[in-house]
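This is what each chain is made of:
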Amino acid sequence: QVQLVESGGGLVQPGGSLRLSCAASGFTFSTYSMNWYRQAPGKERELVATITSAGGTINYVDSVKGRFTISRDNAKNTVYLQMNRLKPEDPAVYYCKAVRSSTRSEYWGQGTQVTVSS
């Protein structure tokens, strides 16, 4: 059974930090690119960060560059999103997604809520 389980969300003050984790099981994690998306109320889901299967290529949406860092540990089947200097525009439900283009496979997690408020 494929599972992606996000954790680490919560309430933080502006300027604070959170580290999201996404633990994968039920598929060969090391062969999938991993993405973090977010969706705020009333807005479309937005791709925030991507990392290729071996971690060799990383990309970010412009609004988080220099503040967020995506990383992965293939030995632990986990992808992370370190979020620093959080801003009022960052609150959303954050989702991880696994993608393998060669087999057109993709899986989503259930999401974790991030709230930024003083």
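For the structure, see preceding data.
This text gives an overview of the structure that appears in the document.

1. A word on the pattern of salt bridges
Here is step 1: Taken as a whole, this structure holds five salt bridges when the rule is applied.
Here is step 2: When the shortest N-O distance is used, the salt bridge between Asp90 and Arg67 registers 2.7 Å. Taken together, the residues span a long stretch of sequence, with Asp90 in the loop between β8 (78–83) and β9 (92–100) and Arg67 in the loop between β6 (58–60) and β7 (68–73) at a distance of 23 residues.
Here is step 3: Relative accessible area serves as the criterion here: at 0%, Asp90 is assigned to the buried category.
Here is step 4: Exposure remark for Arg67: the relative accessible area of 4% places this residue in the buried category.
Here is step 5: The shortest N-O distance in the salt bridge between Lys97 and Glu106 comes to 3.5 Å.
Here is step 6: Since its relative accessible area comes to 10%, Lys97 is described here as buried.
Here is step 7: Through salt bridges that share partners, Arg38, Glu46, Arg67 and Asp90 make up one connected network.

2. Observations concerning the pairing of β7
Here is step 1: Burial of the side chains of β7 is restricted to one face: Phe68, Ile70 and Arg72 are buried, whereas none of Thr69, Ser71 and Asp73 on the reverse face is.
Here is step 2: Sheet topology places β7 next to β8; six bridges connect them, and they run antiparallel. Looking at β8, one finds that Arg72 is bridged to Val79.
Here is step 3: Hairpin connection between β7 and β8: a loop of four residues separates the two successive antiparallel strands, and Asn77 in this loop has a positive phi of roughly 55°.

3. Here we look at the environment of Gly109
Here is step 1: Turning to its location among the elements, Gly109 is positioned in the loop between β10 (105–108) and β11 (112–116).
Here is step 2: Not counting chain neighbours up to four residues away, the residues in contact with Gly109 comprise Leu4, Glu6, Tyr95 and Cys96.

4. Some thoughts on the nonpolar core
Here is step 1: In terms of nonpolar packing, the biggest core is built from 28 residues, with Trp36, Leu81, Met83 and Tyr94 touching the most fellow members.
Here is step 2: For this core, the elements supplying multiple residues, two or more each, are β3 (18–25), β4 (33–39), β5 (46–51), β7, β8, β9 and β11.

5. A closer look at the environment of Ser117
Here is step 1: Position of Ser117 relative to the elements: it lies in the segment after β11.
Here is step 2: Taking the C-alpha atoms as reference points, Ser117 and Leu11, 106 residues apart in sequence, are found 7.0 Å from one another.
Here is step 3: Beyond its immediate chain neighbours, meaning those up to four positions away, Ser117 contacts Leu11, Val12, Gln13 and Pro14.

About the thresholds
Residues numbered from 1 in each chain as written. Predicted model: local features only at pLDDT ≥ 70, side-chain atom pairs only at ≥ 80, totals over all residues. Heavy atoms only, no water. Salt bridge = Lys/Arg side-chain N within 4 Å of Asp/Glu carboxyl O. Helix = DSSP H or I, 4+ residues; strand = E, 2+ residues; numbered from the N terminus. Buried < 20%, exposed > 50% of the residue type's maximum accessible area, 1.4 Å probe, protein only. Pairing = 2+ DSSP bridges. Contact = heavy atoms within 4.5 Å. Core = buried A, V, L, I, M, F, W, Y, C linked by side-chain atoms within 4.5 Å.

Spatial relationships are all this shows, so hold off on functional conclusions.
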